[in-house]
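As a plain string of letters, each chain reads:
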Amino acid sequence: MAPLISTIDIDRPPDVVFAYATDPTRFPEWQRDVIRVQILDDEEFMTVRRFVGAERTTLQRITADDPPRHWAAEGVEGAIRPHATVTVSPRDDGAHSRVVFTLDFEGHGMGAVLLPMVRRAAEKGAPVSHRHLKEILERDSAE
């Protein structure tokens, strides 16, 4: 299956958008399904998400970090392993940003059976989270 791709314009400079959107400790602030994140080291973090009424923990590794343009992380264990990228491009001479989120999943064992349900949930939830990110960043610029 093709990855899920979502694009959103945010009225903030790329460095501000990138720093916030790619900081795993901020994920619970704008991703509605994230309950908490624990940083393990410079490359790995644990994300606890709410899915179908239960908490699911995923170990993730940052695979690319090129501020303020590109960031990527992937799940490294578990039945469902997400692969996510964030690409930030300047607009209007750097006053604003265009953000492209790419999300895909890999199913292992029982995860292969759950993959269609996970993708459907992400198709609905990810755009809501991206709009929430936009609201937070643009609200913070107005204060």
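Here the structure is shown first, and the text comes after it.
Source: prediction; values computed, not measured.

Caption draft 1: Representation of the side chain of glutamine 31 within the structure. In this structure, glutamine 31 sits in the loop between α2 (27-30) and β2 (34-39). Judged by its relative accessible area of 10%, glutamine 31 falls in the buried class.

Caption draft 2: Fine view of the environment of valine 86. Considering the arrangement of structural elements, one finds valine 86 in strand β6 (residues 80-91). Residue class for valine 86 comes out buried when judged on its relative accessible area of 5%.

Caption draft 3: Region of the structure containing the nonpolar core. Judged by nonpolar contacts, the single largest core of 20 residues is most densely connected at Ile10, Phe27, Trp30, Trp71, Val99, Phe101 and Leu133. For this core, the elements supplying multiple residues, two or more each, are β1 (4-10), α1 (14-21), α2, β2, β5 (70-75), β6, β7 (96-107) and α3 (111-142). Of the residues forming this core, the biggest block, 4 residues, is contributed by α1.

Caption draft 4: Spotlight on the pattern of salt bridges. Throughout the structure, instances matching the rule amount to 9 salt bridges. Taking the shortest distance from any N to any O, the salt bridge between aspartate 104 and arginine 119 comes out at 3.2 Å. Here aspartate 104 is found in strand β7, whereas its partner arginine 119 is found in helix α3, with 15 residues between them in sequence. A relative accessible area of 21% means that aspartate 104 is categorised as partly exposed. One salt bridge connects glutamate 138 with lysine 134, and the closest N-O pair in it is separated by 2.8 Å. With glutamate 138 and lysine 134 both in helix α3, this residue pair falls 4 residues apart, about one helical turn. Glutamate 138 gets classed as partly exposed once you look at its relative accessible area, which sits at 21%.

Parameters at a glance
- Residues numbered from 1 in each chain as written.
- Predicted model: local features only at pLDDT ≥ 70, side-chain atom pairs only at ≥ 80, totals over all residues.
- Heavy atoms only, no water.
- Helix = DSSP H or I, 4+ residues; strand = E, 2+ residues; numbered from the N terminus.
- Buried < 20%, exposed > 50% of the residue type's maximum accessible area, 1.4 Å probe, protein only.
- Core = buried A, V, L, I, M, F, W, Y, C linked by side-chain atoms within 4.5 Å.
- Salt bridge = Lys/Arg side-chain N within 4 Å of Asp/Glu carboxyl O.

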